[in-house]
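One letter stands for each residue in the lines below.
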Amino acid sequence: MSKGISINIDRIIIQLLCWYALLIPLEHILEVLFQIETILKPYRVLAILIIGCFVVRLRFKWTANPELGQDIFLYIIFIYGLIVTLLRMITSTFNLALFFNDAFQISLYLGVFVVIRHISITRSDLLRITKFLAGGVLINSSFIFYNFFTLRVYGRDPGFMDNPNYMALSILVVILLLIVQYPSINGLLKKVLVLAMMLFLGYIFML
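The sections below set out a description of the structure shown in this document. (Residues numbered from 1 in each chain as written. Predicted model: local features only at pLDDT ≥ 70, side-chain atom pairs only at ≥ 80, totals over all residues. Heavy atoms only, no water.)

### Structural notes on the overall build of the chain
Link 1 in the chain: Looking only at helices and strands, one finds eight helices and zero strands in the chain.
Link 2 in the chain: Counting from the amino terminus, helix and strand elements in the chain follow one another as α-α-α-α-α-α-α-α.
Link 3 in the chain: Structurally, the chain occupies a C-alpha span of about 55 × 50 × 35 Å along its principal axes.
Link 4 in the chain: Relative to its full complement of 207 residues, the chain shows a buried share of 31%. (Helix = DSSP H or I, 4+ residues; strand = E, 2+ residues; numbered from the N terminus. Buried < 20%, exposed > 50% of the residue type's maximum accessible area, 1.4 Å probe, protein only.)

### With respect to helix α8 (residues 188-206)
Link 1 in the chain: In a regular helix each residue adds 1.5 Å, so 19 residues correspond to 27 Å; α8 covers 27 Å between its end C-alpha atoms and thus fits that length.
Link 2 in the chain: The complete set of buried residues in α8 reads Val-194, Met-198, Leu-201 and Ile-204. Along the long axis of α8, the arc covered by the buried residues comes to 125°, so they all point the same way. Among the exposed residues of α8, those pointing more than 90 degrees away from its buried face are Leu-188, Leu-189, Leu-199 and Met-206.
Link 3 in the chain: Buried-residue contacts for α8 involve α6 (123-149) and α7 (164-181). (Expected span 1.5 Å × (residues − 1). Arc of directions from axis to C-beta. Contact = heavy atoms within 4.5 Å.)

### With respect to the environment of Ile-129
Link 1 in the chain: Mapped onto the secondary structure, Ile-129 falls in helix α6.
Link 2 in the chain: Accessibility expressed as a relative area gives 13% for Ile-129, which makes it buried.
Link 3 in the chain: Note: C-alpha distance between Ile-129 and Cys-18 (111 residues apart in sequence) is 4.6 Å.
Link 4 in the chain: In this view, Ile-129 contacts Ile-14, Leu-17, Cys-18, Ala-21 and Ile-121; residues no more than four positions away in its chain are not counted.

### Some details on the layout of surface pockets
Link 1 in the chain: Space inside the largest pocket adds up to approximately 610 Å³.
Link 2 in the chain: Residue lining of the largest pocket: 22 residues in total, with Tyr-20, Ala-21, Ile-24, Tyr-109 and Leu-133 positioned closest to the centre.
Link 3 in the chain: When residues of the lining of the largest pocket are traced back to their parent elements, those giving at least two are α1 (9-23), α5 (96-118), α6 and α7.
Link 4 in the chain: Among the elements that line the lining of the largest pocket, the one with the most residues is α5, at five residues.
Link 5 in the chain: In terms of residue class, the lining of the largest pocket is built from 17 nonpolar, three polar and two charged.
Link 6 in the chain: Taken as a whole, the second largest pocket spans an internal volume of roughly 300 Å³.
Link 7 in the chain: When residues of the lining of the second largest pocket are traced back to their parent elements, those giving at least two are α4 (72-91) and α5.
Link 8 in the chain: With six residues, α5 is the single largest residue contributor to the lining of the second largest pocket.
Link 9 in the chain: Residues belonging to the lining of the second largest pocket are distributed by class as follows: eight nonpolar, three polar and one charged. (1 Å grid on protein atoms, 1.4 Å probe; cavity = no way out; pocket = protein on both sides within 12 Å on 5 of 7 lines; lining within 4 Å. Points joined across faces, edges and corners; volume = space filled by probe spheres on them. Nonpolar A, V, L, I, M, F, W, Y, C, P; charged D, E, K, R; others polar.)

### Some thoughts on the packing of α6 against α8
Link 1 in the chain: Between α6 and α8, whose axes approach to 10 Å, the crossing angle comes to 55°. Comparing their axes, α8 and α6 come out oblique. The way α6 lies across α8 gives a crossing that is left-handed. Together, Val-137, Leu-138, Ser-141, Ser-142, Ile-144, Phe-145, Phe-148 and Phe-149 of α6 and Met-197, Phe-200, Leu-201, Tyr-203 and Ile-204 of α8 make up the contact between the two elements.
Link 2 in the chain: In terms of residue class, the contact of α6 with α8 is made up of 11 nonpolar, two polar and no charged. (Axes fitted to C-alpha atoms, helices over the stretch in contact; angles between N-to-C directions. Parallel < 35°, antiparallel > 145°, perpendicular 65-115°, else oblique. Left-handed = near helix turned anticlockwise from the far one by under 90°.)

### A closer look at the nonpolar core
Link 1 in the chain: Residues Ile-13, Leu-17, Tyr-20, Ile-50, Val-115 and Ile-119 are the most contacted members of the largest nonpolar core, which totals 25 residues.
Link 2 in the chain: At the level of secondary structure, the elements contributing two or more residues to this core comprise α1, α3 (42-60), α5 and α6.
Link 3 in the chain: The biggest single contributor to this core is α1, with 10 residues.
Link 4 in the chain: What Leu-17 contacts, discounting residues up to four positions off in sequence, is Ile-50, Val-112, Ile-116, Ile-119 and Ile-129. (Core = buried A, V, L, I, M, F, W, Y, C linked by side-chain atoms within 4.5 Å.)

Written out as structure tokens, the structure reads:
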């Protein structure tokens with residue numbers, strides 16, 4: 001790096017993680033709004049950028065997280081899935097295109113997880129990331145609300161997500177986040193807004 005220029009790659013990665021979290025509930029936004037079919041969903045592009053920044057970071061500093069061993073059961077699950085997949089490839093009809101698609105996605109998710117485990121991230125950073133996730137869920141919930149009352153879409157609408165069950169799970173995560181944060185919120189107006197947000201998300205969950 002040039003003299004006088006200091007780049008904190010960890011902070012860049014955290015900012016990218018915020019936008020990554022925002023875009024997760026908006027997975028199919030390109031297909032829904034612009035009819036663009038692509039494997040490079042917006043949040044996957046962010047995942048590639050996050051992993052890319054981490055690779056650049058390794059050029060300057062690499063220290064393995066000593067707590068990584070705590071995640072051994074997560075890696076065992078992936079290994080178990082790989083063994084089952086290999087057995088299915090041998091014993092039955094197997095869709096190789098779907099396998100490569102899923103392998104690409106899982107590699108990105110696992111890669112982002114490893115990055116998070118190896119960067120300097122604080123509790124406030126995690127809270128900020130979850131707020132961005134909540135923002136994405138609210139945008140998607142508003143879209144579902146619009147579809148229901150304006151376009152008369154009365155089915156189980158996932159909005160911009162792949163599956164209505166994923167959307168329901170995302171809503172529950174955000175509602176739990178708001179419940180946990182509610183006691184620490186200062187100001188009557190903010191409390192009312194958060195309460196209204198929880199009621200709105202609960203209504204979309206029922207839809």
